[in-house]
Amino acid sequence: MTGPSGDVRPMPMEGHGAYNRNSRVQAAGLLPAVTLLQDATRIVPLESGTQPVLVADYGASSGRNSLVPMAAAIGVLRERLGPERAISIVHTDLPGNDFTALFQTLEDDPDSYLKGDPAAFASAVGRSFYEQILPPESVTLGWSSWAVQWLSRVPAVIPDQVQIAFSRDPDACAAFARQAAQDWRTFLFARSRELRPGGRLVVLTMAVDDAGEFGYRPLLAAIQATLEGMVREGFIRPDELRLMAIPTVGRSRAELAAPLEDGGLGGLTIAHLEVFHAEDRIWAQFEADGDAQAFGAQWAAFSRASVFPTLAGALEGGRDDPRAAGFMERLEAGTRVQLAAAPEPMLIPLAKMVIAKDVPAGG
């Protein structure tokens with residue numbers, strides 16, 4: 001939302017289940033990291049006794065993309081713990097997140113990890129993961145997918161684009177780089193306090209590949225062109241467009257590793273780090289059926305559910321602006337038309353990593 005100083009902060013994803021319905025890109029990208037989560041679950045130390053084993057899901061959104069990884073972790077834990085030991089799964093996200101959709105998904109979705117496991121217990125915390133959320137040394141396993149690329153704040157105006165990866169403004173690029181480094185370190189430090197000794201945190205996040213590519217060029221060009229058209233039509237003002245920014249970053253392999261080198265951070269070290277290109281399932285479907293309209297519609301719906309609410313927050317009245325609903329509709333429609341006119345595959349660079357908390361000597 002826009003404050004007195006023009007500061008725009010990230011908004012929760014679109015509610016009413018929209019993110020769940022339009023997160024195919026995220027669903028495809030997280031699968032390679034699920035294997036890492038299973039491997040981590042096999043080796044984390046588990047205390048004897050009856051206390052619940054706590055699994056934290058950082059940045060859960062509406063929950064659909066949490067089902068597969070949480071079920072995978074629970075499956076391995078059941079092999080190690082047996083059927084009766086309690087497992088507590090805590091989903092976290094911003095206070096304004098659609099937690100109603102999250103709990104409805106956990107209750108109703110046939111893939112819910114709660115089905116058939118009376119000793120699995122779900123809860124949620126509405127709080128930013130850029131601070132400590134859970135008690136010290138309480139988390140055995142942590143998981144975060146498609147979340148830590150979101151910065152805690154928009155650190156500067158981007159004068160020539162809505163995504164910093166394609167800006168040519170050196171001051172804006174430097175401000176975003178500083179914020180990205182600070183936020184990543186802050187996130188890791190908070191997790192270092194929450195993880196138990198020997199615990200593991202598996203992270204999947206947007207990245208830049210080894211060639212320095214952030215990806216999504218056709219999509220972001222379509223969004224930018226549509227916004228500029230809305231200015232020409234007089235639907236939004238130039239000063240509103242100037243404040244619009246998607247506060248996501250792709251970090252390089254070196255940037256992800258930096259806080260965890262030279263002795264680690266709060267006892268955290270890197271157990272695995274890999275940058276890869278995720279499958280573009282929307283392009284694969286287009287290659288199979290040749291439906292350009294569906295191609296444009298799916299990428300536009302993905303963008304609406306994930307980033308358009310934050311762009312709408314830069315309107316004079318924020319997301320409560322009387323133009324907000326029309327803004328979302330126009331931006332989705334314009335993005336859809338542009339992408340359908342010239343379909344191209346999207347480059348989707350991601351990083352998957354496992355972060356371990358050391359066991360103290362003699363521990």
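Being a predicted model, the structure only gives us computed values, none of them experimental. (Residues numbered from 1 in each chain as written. Predicted model: local features only at pLDDT ≥ 70, side-chain atom pairs only at ≥ 80, totals over all residues. Heavy atoms only, no water.)

Student: In this structure, what is going on with the nonpolar core? I would like to understand it.
Tutor: Side chains of a nonpolar character, in soluble globular proteins, are inclined to be buried together. Among the nonpolar cores identified, the biggest contains 70 residues, and I223, L227, I236, M244, W299, L311 and F327 are the most heavily contacted of them. Among the elements that take part in this core, helix α3 (residues 67-81) stands out by supplying 7 residues, more than any other. Aside from chain neighbours lying at most four places away, what touches L311 is V162, I223, L227, M244, A245, I246, F327 and L331. Grouped together as the second largest cluster of nonpolar side chains are 26 residues, A147, V148, V203 and A207 included. (Core = buried A, V, L, I, M, F, W, Y, C linked by side-chain atoms within 4.5 Å. Buried < 20%, exposed > 50% of the residue type's maximum accessible area, 1.4 Å probe, protein only. Helix = DSSP H or I, 4+ residues; strand = E, 2+ residues; numbered from the N terminus. Contact = heavy atoms within 4.5 Å.)

Student: How should helix α4 (residues 99-108) be read in this particular structure?
Tutor: An α-helix turns once every 3.6 residues. As a result, residues three or four positions apart point the same way. Inspection of α4 places F99, A101, L102, T105 and L106 among the buried residues, and these make up the whole buried set. Each buried residue of α4 sits inside an arc of 160 degrees when the element is viewed along its axis, so together they form one side. The exposed residues of α4 that point more than 90 degrees off its buried face are T100, E107 and D108. (Arc of directions from axis to C-beta.)

Student: I'm lost on the packing of helix α10 (residues 292-306) against helix α12 (residues 324-341) in this one. Help?
Tutor: The geometry of a pair of packed helices is captured by two quantities: the angle between their axes and the separation between those axes. Packing of α10 against α12 leaves a shortest axis separation of 8 Å and a crossing angle of 140 degrees. The element α10 and its partner α12 pack so that their crossing is right-handed. On the side of α10, the interface is formed by A292, Q293, F295, G296, A297, W299, A300, A301 and R304, while α12 contributes M328, E329, E332, T335, R336, L339 and A340. (Axes fitted to C-alpha atoms, helices over the stretch in contact; angles between N-to-C directions. Left-handed = near helix turned anticlockwise from the far one by under 90°.)

Student: Looking at this structure, I do not really get the pattern of salt bridges. What am I missing?
Tutor: Pairing between side chains of opposite charge can happen when the charged atoms of each approach one another. Summed over all chains, the structure comprises 20 salt bridges. Across the pair D109 and R64 runs a salt bridge whose closest N-O atoms are separated by 3.3 Å. In this pair, D109 sits in the loop between α4 and β3 (120-126) while R64 sits in the loop between β1 (53-58) and α3, placing the two residues 45 residues apart along the sequence. Look at D109 and you get buried, because its relative accessible area is 14%. Taking the shortest distance from any N to any O, the salt bridge between K352 and E274 comes out at 3.6 Å. Of this pair, K352 sits in strand β7 (residues 349-357) while E274 sits in strand β6 (residues 268-277), and the two are 78 residues apart along the sequence. With relative accessibility at 12%, the residue K352 sits in the buried group. By relative accessible area, E274 is classed as partly exposed at 30%. When salt bridges that share partners are traced, they join R237, D239, E240, E316, D321 and R323 into one network. (Salt bridge = Lys/Arg side-chain N within 4 Å of Asp/Glu carboxyl O.)

Student: Is there a simple way to think about the pairing of strand β4 (residues 139-145) in this case?
Tutor: Two faces belong to every sheet, and in a regular strand the side chains alternate between them. In terms of residue burial, β4 counts as a mostly covered element, since 7 of its 7 residues are buried. Note that β1 and β4 share 3 bridges and pair parallel. For D57, the partnering residue across the bridge sits in β4 and is W143. For β4 and strand β5 (residues 195-206), the ladder comprises 6 bridges, and the chain directions are parallel. Its bridge partner lying in β5, G142 is registered against L201. In the classification by handedness, the crossover that spans β4, the intervening helix α5 (residues 170-194) and the parallel β5 is right-handed. (Pairing = 2+ DSSP bridges. Right-handed = clockwise from strand over helix to strand, strands pointing away.)

Student: I'm lost on the sheet that holds β6 in this one. Help?
Tutor: Pairing between sheet strands relies on hydrogen bonds along the backbone, with the strands arranged either parallel or antiparallel. Taken together, 7 strands build an open sheet; the order of strands is β3-β2-β1-β4-β5-β7-β6 and the sheet is mixed. If you trace the sheet from one side to the other, it starts and ends with β3 and β6, each paired once. Each strand of the sheet is rotated relative to its neighbour by a mean of 15 degrees, with strand direction disregarded. Here β1 runs beside strand β2 (residues 87-93); their pairing, made up of 6 bridges, is parallel. When the bridges of β2 are listed, V53 appears paired with I87. Most of the contacts of α4 go to β3, to which it runs at about 170 degrees, and overall it touches β2 and β3. Its contacts with the sheet place α5 against β1, β4, β5, β6 and β7, and it is angled at close to 150 degrees to β5.

Student: What exactly am I supposed to notice about the confidence of the model for the chain here?
Tutor: Low-pLDDT portions of the prediction should not be read for the details of their coordinates. Scored by pLDDT, the chain comes out at a mean of 91, with 91% of its residues at no less than 70. Predicted confidence for residues 1-8 stays below pLDDT 50, and this span has 19 contacts to residues more than four positions away or in other chains. In this model residues 11-24 is a low-confidence stretch, pLDDT under 50, and it forms 45 contacts with partners more than four residues away in sequence or in other chains. (pLDDT = per-residue confidence, 0-100.)

Student: Sorry if this is basic, but what is going on with the side chain of T248 here?
Tutor: With respect to the helices and strands, T248 occurs in the loop between α7 (238-243) and α8 (253-257). Accessibility expressed as a relative area gives 4% for T248, which makes it buried. Polar side-chain contacts of T248 include one of 3.0 Å to the side chain of Q163. If we ignore the near neighbours within four places in the chain, the residues touching T248 are Q149, W150, Q163, I164, M206 and F214. (Polar contact = N/O pair within 3.5 Å; in protein donor to acceptor, adjacent residues only side chain to side chain.)

Student: Teacher, can you tell me more about the packing of helix α6 (residues 217-232) against α12 here?
Tutor: For the pair α6 and α12, interaxial distance at closest approach is 8 Å and the crossing angle is 130 degrees. Taken together, α6 and α12 sit at an angle that is classed as oblique. For the pair α6 and α12, the crossing hand works out as right-handed. Contact residues: P218, L219, A222, I223, A225, T226, L227 and M230 in α6; F327, R330, L331, G334, T335, Q338 and L339 in α12. A class-by-class count of the residues in the contact of α6 with α12 yields 10 nonpolar, 4 polar and 1 charged. (Parallel < 35°, antiparallel > 145°, perpendicular 65-115°, else oblique. Nonpolar A, V, L, I, M, F, W, Y, C, P; charged D, E, K, R; others polar.)

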